[in-house]
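# Fold and geometry: a report
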Amino acid sequence: MEPNRISIKVKELRKKYNLTQEDLALKSGVGLRFLRELEQGKPTVRMDKINQVLNLFNLEVGVCDKEKSL
């Protein structure tokens, strides 16, 4: 699994607020396994659960324009 923008952001925020994976999983109401898979960049994690984690940081996944590659 290759980290993606969401997984990198979640990991950065977790570390910024000095949370362990266990702490973040507990505070956001998701399982530790889910959080580990999210941070590792698993491509098939559930969007509702991603938003459940991001909600703790007052963020959410949304639709945006795709970056153009040259």
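For the structure itself, look to the data block above.
First, a word on what this report is: a plain description of the structure on this page.

Reading the values: the criteria
Residues numbered from 1 in each chain as written. Predicted model: local features only at pLDDT ≥ 70, side-chain atom pairs only at ≥ 80, totals over all residues. Heavy atoms only, no water. Buried < 20%, exposed > 50% of the residue type's maximum accessible area, 1.4 Å probe, protein only. Helix = DSSP H or I, 4+ residues; strand = E, 2+ residues; numbered from the N terminus. Arc of directions from axis to C-beta. Contact = heavy atoms within 4.5 Å. Core = buried A, V, L, I, M, F, W, Y, C linked by side-chain atoms within 4.5 Å. Salt bridge = Lys/Arg side-chain N within 4 Å of Asp/Glu carboxyl O.

Every buried residue of helix H4 (residues 47-55) is accounted for by Ile50, Val53 and Leu54. Down the axis of H4, the buried set is contained in an arc of 95°. They therefore lie on one face. Of the surrounding secondary structure, the elements contacted by the buried residues of H4 are helix H1 (5-16), helix H2 (21-28) and helix H3 (32-40).

Turning next to the nonpolar core. Of all hydrophobic cores here, the largest spans 15 residues; its most connected members are Val10, Leu24, Phe34, Leu35, Leu38, Ile50 and Val53. For this core, the secondary-structure elements that each account for two or more residues are H1, H2, H3 and H4. Discounting residues that sit within four places of it in the chain, valine 53 has contacts with Val10, Leu24, Ser28, Val30, Phe34, Leu35 and Leu38.

A few words on the pattern of salt bridges. With the rule as written, the count across this model stands at five salt bridges. When the shortest N-O distance is used, the salt bridge between arginine 33 and glutamate 37 registers 3.3 Å. Placement of the pair is arginine 33 and glutamate 37 together in helix H3, with a separation of four residues, close to one helical turn. We classify arginine 33 as exposed; its relative accessible area is 66%. One salt bridge connects arginine 46 with aspartate 48, and the closest N-O pair in it is separated by 2.5 Å. The class of arginine 46 is partly exposed, set by a relative accessible area of 48%. The structure contains a network of salt bridges with shared partners spanning Arg33, Glu37 and Lys42.

This is a description of form; function is not addressed.
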